[in-house]
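# A closer look at the structure
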Amino acid sequence: MPVSFPAVFDPDQTLDCGQSFRWKKEDTRWQGVAFGRELSLHREGDSLIFSCKQEEFDSLWRRYFDLDTDYEAIRRELSAMHPVLQEACAYAGGIRLLRQDSWEALCSFIISQNNNIPRIKGIIQRLCETLGEPSPQGEFLFPTPQRLAASSLEELAPLRAGFRAKYLLSAARLVTDGTVDLGAIPHMELDKARETLMLIHGVGPKVAECALLYGFHRLEAFPLDVWMKRVMANWFPGWKPEDFGHYAGVAQQYLFHYIRTFQKEAI
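Residues numbered from 1 in each chain as written. Predicted model: local features only at pLDDT ≥ 70, side-chain atom pairs only at ≥ 80, totals over all residues. Heavy atoms only, no water.

## Things to note about the side chain of Ser170
Here Ser170 is to be found in helix H9 (residues 164–176). We classify Ser170 as buried; its relative accessible area is 15%. Sequence-distant contacts of Ser170, that is, excluding residues within four places in its chain, are made with Ile200 and His201. (Helix = DSSP H or I, 4+ residues; strand = E, 2+ residues; numbered from the N terminus. Buried < 20%, exposed > 50% of the residue type's maximum accessible area, 1.4 Å probe, protein only. Contact = heavy atoms within 4.5 Å.)

Written out as structure tokens, the structure reads:
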């Protein structure tokens, strides 16, 4: 039987805001794969319907969608900081920060460099089809660091990833040989975690920050892309990322989605 859960987040905002790239919408349903499992998700009245058994929902999807975090309390805290942030929280407040696989998120944001979302999704899909194992339901899983490390640039050519292919190989080889210990990063000071990720060829401050926020759930991380640099310059002059507090990453996501989809003319 599918699992019904109160609609405490908006799948359209959460799954199409640039934090994850393996979800696609077909009619009213979102289809995706995470941690080796596939899921179909849709809204039905005031509920979200998950196409999985209760045991799988409790062991995987509840955590993946961060359903035990009180985002209403986070929005109240952020809204009190600044009028624009209050507007962003009201507009984009249906977003939750997914608890993604750290390895997949790291690779996804390596691929995201100088790229657009449809092309990122295409490269990731081809990567999974080329090097990933098929899941029990038929989708391809994200390849392990070991499998990617054993490949070559020639083997990655069909991905059409361009210069990013050599960065993927660097990440896979450094993770596989233990130089970059993904399991240790959640417990590091944020600066040390950034430095560790930037040992990977092609991972600079922005990619490291994205990986920390979206792949390690470091909610104090605050990625600064072109959109967010404009936001900071126009509406938060003199502010630093740490001024947004321990939920800086949530503030960043709300502001990013608000500006990119609703207020882009303002900047």
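What follows picks up the thread again.
## With respect to the pattern of salt bridges
Close approach of charged atoms lets side chains of opposite charge pair. Under the counting rule described, the total for this entry stands at ten salt bridges. Of the charged contacts, one joins Arg99 and Asp66 as a salt bridge, the two residues approaching to 3.0 Å between their closest N and O atoms. With Arg99 in the loop between helix H4 (83–92) and helix H5 (102–111) and Asp66 in the loop between helix H2 (54–64) and helix H3 (71–79), the pair connects residues that are 33 residues apart, well separated along the chain. For Asp66, a relative accessible area of 3% puts it in the buried group. One salt bridge connects Glu72 with Arg76, and the closest N-O pair in it is separated by 3.5 Å. Of this pair, Glu72 and Arg76 both sit in helix H3, four residues apart, roughly one helical turn. Here Glu72 falls in the partly exposed class, since its relative accessible area comes to 48%. The exposure class of Arg76 is exposed, given its relative accessible area of 52%. Via salt bridges that share partners, Asp191, Arg194 and Glu209 belong to a single interconnected network. (Salt bridge = Lys/Arg side-chain N within 4 Å of Asp/Glu carboxyl O.)

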